[in-house]
Amino acid sequence: MLDCLGLDEQAERIYRLLLERPESDPSLLIENLGLAQTTVTAALTTLGELGLVERLPAGKVRPVHPAIAFPPLLAGARRALRAEEQRLHLAAAAAEELAAHAVRGAASATSDVQQNDGTAAALRCLEHITATAARRLDALAAAGPSPGITDPTDYTPIVEFAVRLAERGVHLRVIMLDSINYLTPLVAGAHRMRAAGVEIKTAPALPVWTLVVDGEYVVSAVDPDDHTRGSILVRTPGAVAAATDLFERYWASATSLGGDEPGDGPAPLNRAQKQLLIMVANGSKDEAVARRFGVSTRTVRRMIAELYSLAGVSSRIQLVFRAAQLGWLDGSELDRV
């Protein structure tokens, strides 16, 4: 209990024993507490420096009364606490100034267009959005990680950004790919966002990572196939209107998270499986399917294996033939991906 005043556990035990047995010899302390001589010697030195014990003739020590010894120690601790609080206040003020500086810097970088080259700049843009978005954010979460996310296999950072925004009262709508159902971490992240109040739908395909912030500016990936190239922020009314319209069109046809597309009929395939089946029937390679779904080729092979299991077949040719028999495919769907 007294460690904040500079006493460790052993020193406190020795001081308490001395209060019971004034004018004790160090050997008595060793015997009663079962401590090593070096431990007792070090503890008595600490107690002496703090003014809690006094040395007596014949090598004995006596405790200074707590009512006399502790007030100076407590006063010193309070001064140190006030000084630390003052440093924290100064640090908080400096952090606020830096945040304001970052906002001014982002706003003054260019009036209409801001290029965020590379992962670091794109991440700073995401952080700026998380700190400053005030009313709403609409997002197309296309294939691959968001620009600014360094690890393409870790979806935690973007989920954290979304949850922080939602907790601040920002209205979020996010459209993700149907293929998230094949990626357990993404499914878990989507449900965590939804629990925080984020509205989430899914679509078979999305063109590019796009964020529409407060109806004031748009942030999108520079290259849909290479998230490391960064992002671009555009404030022009035309770009904002176009991005808003694009989002609303996708939102109107997207499926609520966890649900199937209404009107799909009795077919036992969800929309992601139907899209995969069409690509397989059209002869798409695993690599092309992986790019469309935003997953690895290994995951693509697992997805196709699940279709094999549903259809009771063991090859792509058999799958297409059986799918036609089951009514999963018709001629109009071939060569359409």
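Data block above holds the structure.
Residues numbered from 1 in each chain as written. Predicted model: local features only at pLDDT ≥ 70, side-chain atom pairs only at ≥ 80, totals over all residues. Heavy atoms only, no water.

(A) Molecular detail of the overall build of the protein chain. Regarding its fold elements, the protein chain presents twelve helices and ten strands. For 337 residues, the compact-globule estimate of 2.2 N^0.38 gives 20 Å, and the C-alpha radius of gyration of the protein chain, at 33 Å, exceeds that figure by more than 25%. Taken over the C-alpha atoms alone, the protein chain extends approximately 105 × 55 × 30 Å along its principal axes. In the protein chain, which comprises 337 residues, the share counted as buried stands at 38%. Of all intrachain contacts in the protein chain linking residues separated by at least 6 positions in sequence, the fraction that spans at least 24 positions is 68%. A total accessible area of about 18100 Å² is found for the protein chain, and carbon and sulfur atoms account for 55% of it. Averaging the coordinates of the 34 positive side-chain charges in the protein chain and doing the same for the 40 negative ones gives two points 1 Å apart. (Helix = DSSP H or I, 4+ residues; strand = E, 2+ residues; numbered from the N terminus. Rg over C-alpha atoms; globule rule 2.2 N^0.38 Å. Buried < 20%, exposed > 50% of the residue type's maximum accessible area, 1.4 Å probe, protein only. Contact = heavy atoms within 4.5 Å. Areas by Shrake-Rupley, 256 points an atom, 1.4 Å probe, with all protein chains shown as cover. Lys, Arg positive; Asp, Glu negative; His and termini not counted. Charge placed at Lys NZ, Arg CZ, Asp CG, Glu CD.)

(B) Representation of the sheet that holds strand S4 (residues 136–140) within the structure. Read across the open sheet, the eight strands follow the order S3-S9-S8-S7-S4-S5-S6-S10; overall the sheet is mixed. Among the strands making up the open sheet, the edge pair consists of strand S3 (113–117) and strand S10 (255–256). Pairing of strand S5 (residues 171–177) with strand S6 (residues 199–203) involves five bridges; the strand directions are parallel. Looking at S6, one finds that Arg-173 is bridged to Glu-199. (Pairing = 2+ DSSP bridges.)

(C) Up close: the packing of helix H9 (residues 271–281) against helix H11 (residues 297–311). Here H9 crosses H11 at 95 degrees, and the two axes come no closer than 11 Å. On the basis of the axis angle, H9 is roughly perpendicular to H11. Between H9 and H11, the contacting residues are Gln-273, Leu-276, Leu-277 and Val-280 on the first element and Met-303, Ile-304, Leu-307 and Leu-310 on the second. Within the contact of H9 with H11, the residues separate by chemical class into seven nonpolar, one polar and no charged. (Axes fitted to C-alpha atoms, helices over the stretch in contact; angles between N-to-C directions. Parallel < 35°, antiparallel > 145°, perpendicular 65-115°, else oblique. Nonpolar A, V, L, I, M, F, W, Y, C, P; charged D, E, K, R; others polar.)

(D) Just the nonpolar core, in detail. In this structure, Ile-129, Leu-137 and Met-176 are the most contacted members of the largest nonpolar core, which totals 67 residues. In terms of nonpolar packing, the next biggest core, distinct from the first, is built from 22 residues, Leu-47, Val-53, Val-64 and Leu-73 among them. (Core = buried A, V, L, I, M, F, W, Y, C linked by side-chain atoms within 4.5 Å.)

(E) Expanded view of the pattern of salt bridges. The full count for this structure, using the stated rule, is twelve salt bridges. The partner of Asp-286 in a salt bridge is Arg-316, with the nearest N and O atoms 2.3 Å apart. Residue Asp-286 is located in helix H10 (residues 286–293), and its partner Arg-316 is located in helix H12 (residues 316–326); the two are separated by 30 residues in the primary sequence. Note that Glu-306 and Arg-302 form a salt bridge whose closest N and O atoms lie 3.2 Å from each other. With Glu-306 and Arg-302 both in helix H11 and four residues apart, this pair spans about one turn of that helix. With a relative accessible area of 38%, Arg-302 lands in the partly exposed category. Through salt bridges with shared partners, a single network forms among Asp-138, Arg-173 and Glu-248. (Salt bridge = Lys/Arg side-chain N within 4 Å of Asp/Glu carboxyl O.)

(F) Representation of the environment of Pro-185. By the element assignment, Pro-185 lies in helix H7 (residues 184–195). Owing to a relative accessible area of 52%, Pro-185 belongs among the exposed residues under this scheme. Put simply, Pro-185 and Thr-153 are 32 residues apart on the chain and 9.0 Å apart in space, counted from C-alpha to C-alpha.

(G) Up close: the environment of Arg-235. For Arg-235, the location among the structural elements is in the loop between strand S9 (230–234) and helix H8 (237–253). Note on Arg-235: relative accessible area 23%, which makes it partly exposed.

(H) Just unusual backbone geometry, in detail. Phi at Ala-58 takes a positive value of approximately 65 degrees, unusual for a residue other than glycine. Residue placement: Ala-58 occurs in the loop between strand S1 (53–55) and strand S2 (61–63). If you check the backbone angles, Asp-214 has positive phi at about 55 degrees while not being a glycine. Relative to the helices and strands, Asp-214 resides in the loop between strand S7 (210–213) and strand S8 (217–221).

(I) Main features of the pairing of S5. Of all the seven residues making up S5, six are buried; the element is thus mostly covered by neighbouring parts of the structure. In terms of strand pairing, S4 meets S5 through five bridges, oriented parallel. Note on S5: the bridge partner recorded for Arg-136 is His-171. Note that the unit made of S4, helix H6 (residues 156–167) and S5 has a crossover that is right-handed. Handedness of the crossover joining S5 and S6 through H7: right-handed. (Right-handed = clockwise from strand over helix to strand, strands pointing away.)

(J) Broad picture of the pairing of S9. The element S9 is extensively covered by neighbouring structure, given that four of its five residues are classed as buried. Sheet analysis places S3 next to S9, joined by five bridges and oriented antiparallel. Its bridge partner being in S9, Val-113 is matched across the sheet by Val-234.

(K) Structural view of helix H3 (residues 37–49). The first and last C-alpha atoms of H3 sit 18 Å apart over 13 residues, in line with the 18 Å expected at 1.5 Å per residue. Every buried residue belonging to H3 is among Val-40, Ala-43, Leu-44 and Leu-47, and all of these are buried. Viewed end-on, H3 has its buried residues packed into an arc of 100 degrees, placing them on one side of the element. Summarising the geometry of H3, the exposed residues directed more than 90 degrees from the buried face are Thr-38 and Glu-49. Each element contacted by the buried residues of H3 is listed here: helix H1 (9–20), helix H2 (26–33), S1 and S2. Taken from the residues just after H3, Gly-51 is the one with a positive phi, measuring 80 degrees. (Expected span 1.5 Å × (residues − 1). Arc of directions from axis to C-beta.)

Without other data, these values stay purely geometric and don't point to any function.
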